[in-house]
Amino acid sequence: MGPLSGILTERSSLTNIIIGTIIASLGVNLVSESMLQMFFFGAHIMLIIGIGASLASVWYFIRIMTAKRTQVRNYSGFFIVDHVEKKVIPVNRYPYSINLSRYLESACAESQDIRTVLERSFYVPDATVKISRENIDEVGIESEERAAVKKLKATPDRRLILEATEYFVLRMLSTHLTDYFNDEKFKEENLTKLERKDIPQVLLENRFLNLFSKPMEERVAEFEDRYASKNTRDGSGESNADFRHFHLILPTKAKVSRTDEKTCEITTQKFTLSVAILYSGADELLPADFEKYYLRLQEYYQRSNPSMVKEKAIEIEVKVFFKNSIFFSRTGLQYYEWLDSYLDKLEEEFSTSYFFKKIGWDSVSTLMDCLSRGGEHFNGSGSSRTDA
């Protein structure tokens, strides 16, 4: 259940509880009034007790309703870096990895600055330098060894990965909102469309958003010609997906902003959606033999230095803060129900666990182990029969 659906369901449950409580309180009130009159309490004392009990119940229900107004979801993802080819390897059926690879490739083809930054951040680890694991953390490590450790721990430029992933999130949101509001039940006067010119300048500091949202006439001519000729050969008049018009369709009075270098925020009348990209360059531990069997990267295992292919971990943290109006409004909620389906889509296209569940890796891995052991048993039996 999504954050908005959960809040609305809980609100509905509490409403039923309140109605039942009011009906029950009427009966209790009649009984208590009779008891108080039996003990000769004055009317003013009865009034004070009644007001106090009513205020306490109201405070209790408000506390319950607002306890979950802030909800947090974390999605863990990964990408694989080839330090030799200096690129991100696209993983089939994993949308985040495929899009990240394409964004970087397209941006490098068009922007020499992005290409330079990315290529300089890639290091090919030196296989001739051998450093024991226990010595890496020692204070007295030699300068040459320190340089080698830095290369071994090197990762693609952190800022580029943050920006490319943020563009992935915003672009998915753009597509999702366009599809969601493409319905006659939504009135244009209740929607606002944010074009490139409406996007805050602080968001355009994202080099991928700034580059890919530019009008085609402002793009690099050589890059346009290359894609134009490619589309002509393919017989398609459509441009590459990275050059699609970017806009955000949101409920009226919504605003888009940035709180820090890794976090962007969308503020609406019902809630505030905050999305943070968390990437430190740490390695990710993927299931054994995933690269070998799924990506077919056996050749990397045959090289003298297998660390030239690295799996990297990345996270997206989503925070939703519901405003007070969400607990009392009854109309217009359909303009905000895109939130749950968007977060579901984000999980489907980014989450590591969702990806491995989708491809049935546990079953595939078991099958590969059985086939491998079966092959060894068959070869061993064949050898025995030959010897005999």
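Conventions and cut-offs
- Residues numbered from 1 in each chain as written.
- Predicted model: local features only at pLDDT ≥ 70, side-chain atom pairs only at ≥ 80, totals over all residues.
- Heavy atoms only, no water.
- Helix = DSSP H or I, 4+ residues; strand = E, 2+ residues; numbered from the N terminus.
- Buried < 20%, exposed > 50% of the residue type's maximum accessible area, 1.4 Å probe, protein only.
- Axes fitted to C-alpha atoms, helices over the stretch in contact; angles between N-to-C directions.
- Parallel < 35°, antiparallel > 145°, perpendicular 65-115°, else oblique.
- Left-handed = near helix turned anticlockwise from the far one by under 90°.
- Contact = heavy atoms within 4.5 Å.
- Nonpolar A, V, L, I, M, F, W, Y, C, P; charged D, E, K, R; others polar.
- Phe/Tyr/Trp six-rings, centres within 6.5 Å; stacked < 30°, edge-to-face > 60°.
- Salt bridge = Lys/Arg side-chain N within 4 Å of Asp/Glu carboxyl O.
- Core = buried A, V, L, I, M, F, W, Y, C linked by side-chain atoms within 4.5 Å.

1. Quick notes on unusual backbone geometry
With a phi close to 55°, Lys86 is a non-glycine residue in the positive phi region. Its location among the elements puts Lys86 in the loop between β1 (70–82) and β2 (87–89). Judged by its relative accessible area of 35%, Lys86 is partly exposed.

2. Topic: the packing of helix α3 (residues 95–110) against helix α7 (residues 158–180)
Contact geometry for α3 and α7: axes closest at 10 Å, N-to-C directions at 120°. The angle between α3 and α7 falls in the class oblique. α3 and α7 meet at a crossing whose hand is right-handed. Judged by residue contacts, Pro95, Tyr96, Asn99, Leu100, Arg102, Tyr103 and Leu104 of α3 engage Ile161, Ala164, Thr165, Tyr167, Phe168 and Arg171 from α7. Classifying every residue of the contact of α3 with α7 gives 9 nonpolar, 2 polar and 2 charged.

3. Details of the packing of aromatic side chains
Summed over the entire model, instances satisfying the criterion amount to 28 aromatic pairs. Centre to centre, the rings of Phe78 and Phe290 are 6.3 Å apart; their planes meet at 85°, and the pair counts as edge-to-face. With a gap of 212 residues between them, Phe78 in strand β1 and Phe290 in helix α10 (residues 290–293) connect regions that are remote in the sequence. When the ring of Tyr96 is compared with that of Phe168, the centres are 5.3 Å apart and the planes differ by 70°; the resulting orientation is edge-to-face. Separated by 72 residues along the polypeptide, Tyr96 in helix α3 and Phe168 in helix α7 bring together distant segments of the chain. Taking the relative accessible area as the measure of exposure, Phe168 reaches 3% and is therefore buried. Joined through ring pairs, the aromatic side chains of Phe78, Tyr94, Tyr96, Phe168, Phe290, Tyr294, Phe350, Phe355, Phe356 and Trp361 make up one cluster.

4. Some words on the pattern of salt bridges
For the structure shown, the criterion picks out 12 salt bridges. As a salt-bridge pair, Arg115 and Glu119 come within 3.2 Å of each other at their nearest N and O atoms. Of the two residues, Arg115 and Glu119 both sit in helix α4 (residues 112–121), 4 residues apart, roughly one turn of that helix. The partly exposed category is assigned to Arg115, whose relative accessible area is 30%.

5. What to know about the nonpolar core
Grouped together as the largest cluster of nonpolar side chains are 80 residues, with contacts concentrated most on Phe290 and Trp338. Looking at this core, the element that brings in the most residues is α7, giving 12 residues. Setting aside chain neighbours within four positions, we find Trp338 in contact with Leu173, His176, Leu177, Tyr180, Phe181, Leu250, Pro251, Phe271 and Leu273.

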